[in-house]
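Observations on the three-dimensional arrangement
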Amino acid sequence: MIILKPRRKGSSTVSVGAGYTRLQAQRGTGCIAGGSHYQGGKLFDMLKIYANNDSINPKTCKVQDMVARFNNGSSMDRMTLANAAAGRSGGYQFLVVTEMALLSNEGVANAPEVVSGLLKTVKFLPDTIVILESTASGASGDYYDRYQRA
């Protein structure tokens, strides 16, 4: 799924909620990736809100600084894409790349190649979720091209 998100309307919250629900329902590995620790950190804060306020399945997820662990064996990693080999050992069933159009501005050298490499770590299995999301940043670049092709 590729999302052109409006600012401050809850799109990232819904994306994180999809990952929380997916990993809680079925064992798997997830990843929240962004260009800076700030971006991934904000989404991890949202994950913590889901975990701490889950009245149906309370205390089934513990969110730490860089990883969240679910009681069923699932986990969610948080990473910055500033490292060219980010996520290469992943094998993810859930992936959200946030603010993809802004990655180059956030210190990600060769952002298109880094994102392509990360996408290759996603397993092609039922119930796999990939979300590429961003606010607009002009009519050019990797995110724009992917959005147009979608």
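Just above, that's the structure.
Residues numbered from 1 in each chain as written. Predicted model: local features only at pLDDT ≥ 70, side-chain atom pairs only at ≥ 80, totals over all residues. Heavy atoms only, no water.

1. Observations regarding the sheet that holds strand 6 (residues 94-97)
- Strand order in the open sheet formed by 7 strands is 1-7-6-2-5-4-3, with mixed pairing between adjacent strands. A single partner strand is all that each edge strand has here, and the edge strands are strand 1 (2-4) and strand 3 (61-63). For this sheet, the mean angle separating the axes of adjacent strands, direction not counted, is 15°.
- Examined bridge by bridge, strand 4 (residues 67-70) and strand 5 (residues 75-80) share 3 bridges and lie antiparallel to one another. Paired with Val67 across the strands is Asp77, a residue of strand 5.
- The strands touched by helix 3 (residues 111-119) are strand 2 (29-34), strand 5, strand 6 and strand 7 (129-134); relative to strand 6, the strand with the most contacts, the crossing angle is about 170°. (Pairing = 2+ DSSP bridges. Helix = DSSP H or I, 4+ residues; strand = E, 2+ residues; numbered from the N terminus. Axes fitted to C-alpha atoms, helices over the stretch in contact; angles between N-to-C directions. Contact = heavy atoms within 4.5 Å.)

2. Description of the pairing of strand 7
- Where strand 1 and strand 7 come together, 3 bridges link them in parallel fashion. Bridging across to strand 7, Ile2 finds its partner in Leu132.
- Looking at chain direction, strand 6 and strand 7 are connected through 4 bridges and run parallel. Bridge pairing in strand 7 links Val96 to Ile131.
- Note that the unit made of strand 6, helix 3 and strand 7 has a crossover that is right-handed. (Right-handed = clockwise from strand over helix to strand, strands pointing away.)

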